[in-house]
Amino acid sequence: AVVSTQSTGELDAPLLGWSKLLNSLQLLVCPVIGCLLLQQANNTLISVPVPVIAGCCGLMFTIVVLLTSSQGETPFYFKAVYTLLGFLMSILWIYTIANEIVSLLSSFGHMFKINGAILGLTVLSWANSVGDLVSDVAMAKQGYPQMAVSACIGGPCLNMLLGIGLASTISILKHGTSLELKLSGSLIISSAFLMFTICSHLVAVPLMKFKVKRWYGFYMFGLYGCFMVIALLNVTNVFTINID
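What comes next is a walk through the structure. Since this is a predicted model, take the numbers as computed values, not measurements.

**Comments concerning the overall build of the chain**
Helix and strand counts for the chain stand at eight helices and two strands. Overall, the chain shows an N-to-C arrangement of helices and strands of α-α-β-β-α-α-α-α-α-α. For a compact globule of 244 residues, the expected C-alpha radius of gyration is about 18 Å, and the chain comes in at 23 Å, more than 25% above that figure. Overall, the chain is about 70 × 50 × 35 Å in size when its C-alpha atoms are taken along their principal axes. Taking the intrachain contacts of the chain between residues at least 6 apart in sequence as the baseline, contacts between residues at least 24 apart amount to 61%. Carbon together with sulfur atoms contributes 72% to the accessible area of the chain, which is approximately 17000 Å² in total.

Right, dumping it as structure tokens:
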């Protein structure tokens, strides 16, 4: 399924990796698999199941490709269309796999009676971030440190601003009532460490003339360690933060 939804294009391959049969098949199955990954199998649009509509759209695109391309020549739209298609399907696969991992780890937490707050601060947060960690480290090792650092900052911004904002907007429009934010000790600690980390970047990086030193990485590890210790002590009620 993954192969049938991912572009095989390579810059150093003959015809950029173009295969008329495989690439036509991808346009046929990607819309249907995308609907299944988004859990739209049981939903309908104008009394027609969403996967059926997606399949019809995919079939139409496939026919267009079959009629406008040949096996021995790369079509002019190949790079643009299939790069976008591969990017979108990659996001869907990552989203689906991450959700399954989180669900699996949550099940283990319930089975072994682990505190939900502890599970969220440790295993679940690591599982949610492991994809970003791997991709950012890979980019840095390939000689793109600016891209990696930008992704480290842009990813959480996307989650907080677009993710929470869009979800909250949909909930408000659906239920017609505002959302009540309940402050907790964990939220205050997380926010405080987040602001302190951002301030550290704003001060330290310009002072280092935008050349991050090794010691700064160890400093970030230590800061995260302090956050984990304080947050775990809070959720286990070793100490509590009173909110009036």
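There is more to say after this.
**Things to note about the nonpolar core**
Formed by 14 residues in total, the largest nonpolar core has its most connected members in I33, L37, V65, Y82, L85 and M89. Put simply, the parts of the chain that give this core at least two residues each are α2 (20–37) and α4 (78–111). The element contributing the most residues to this core is α4, with six residues. Sequence-distant contacts of L37, defined by excluding residues within four places in its chain, comprise M89, L92, W93, Y95 and T96. Core analysis: the second largest hydrophobic core is formed by eight residues, L121, I189, F227 and A231 among them.

**Looking at the layout of surface pockets**
Each pocket or cavity is described by its volume, and for the second largest pocket that value is around 300 Å³. Taken together, 13 residues line the second largest pocket, and the ones lying closest to its centre are L27, P31, F61, V81 and L85. For the lining of the second largest pocket, the secondary-structure elements that each account for two or more residues are α2, α3 (50–68) and α4. The biggest single contributor to the lining of the second largest pocket is α4, with five residues.

**A short note on the packing of α2 against α4**
Two packed helices can be described by the angle between their axes and the distance between those axes. Interhelical geometry of α2 versus α4 gives an angle of 30° and a closest axis separation of 11 Å. With respect to their mutual orientation, α2 and α4 come out roughly parallel. Note on packing geometry: the crossing formed by α2 with α4 is left-handed. Along its contact with α2, which presents N23, S24, Q26, L27, C30, I33, G34 and L37, the element α4 presents F78, Y82, L85, M89, L92, W93, Y95 and T96. Considered class by class, the residues forming the contact of α2 with α4 number eleven nonpolar, five polar and no charged.

**Let's talk about the packing of α2 against α3**
With their axes 7 Å apart at the nearest point, α2 and α3 run at an angle of 165° to one another. Considering their axes alone, α2 and α3 lie roughly antiparallel with respect to each other. Of the two elements, α2 crosses α3, and the hand of that crossing is right-handed. Counted together, K20, S24, L27, L28, P31, V32 and C35 of α2 and V50, P51, A54, G55, G58, L59, F61, T62, V65 and L66 of α3 form the full contact between these two elements. Of the residues assigned to the contact of α2 with α3, the class counts are twelve nonpolar, four polar and one charged.

Thresholds applied
- Residues numbered from 1 in each chain as written.
- Predicted model: local features only at pLDDT ≥ 70, side-chain atom pairs only at ≥ 80, totals over all residues.
- Heavy atoms only, no water.
- Helix = DSSP H or I, 4+ residues; strand = E, 2+ residues; numbered from the N terminus.
- Rg over C-alpha atoms; globule rule 2.2 N^0.38 Å.
- Contact = heavy atoms within 4.5 Å.
- Areas by Shrake-Rupley, 256 points an atom, 1.4 Å probe, with all protein chains shown as cover.
- Core = buried A, V, L, I, M, F, W, Y, C linked by side-chain atoms within 4.5 Å.
- Buried < 20%, exposed > 50% of the residue type's maximum accessible area, 1.4 Å probe, protein only.
- 1 Å grid on protein atoms, 1.4 Å probe; cavity = no way out; pocket = protein on both sides within 12 Å on 5 of 7 lines; lining within 4 Å.
- Points joined across faces, edges and corners; volume = space filled by probe spheres on them.
- Axes fitted to C-alpha atoms, helices over the stretch in contact; angles between N-to-C directions.
- Parallel < 35°, antiparallel > 145°, perpendicular 65-115°, else oblique.
- Left-handed = near helix turned anticlockwise from the far one by under 90°.
- Nonpolar A, V, L, I, M, F, W, Y, C, P; charged D, E, K, R; others polar.

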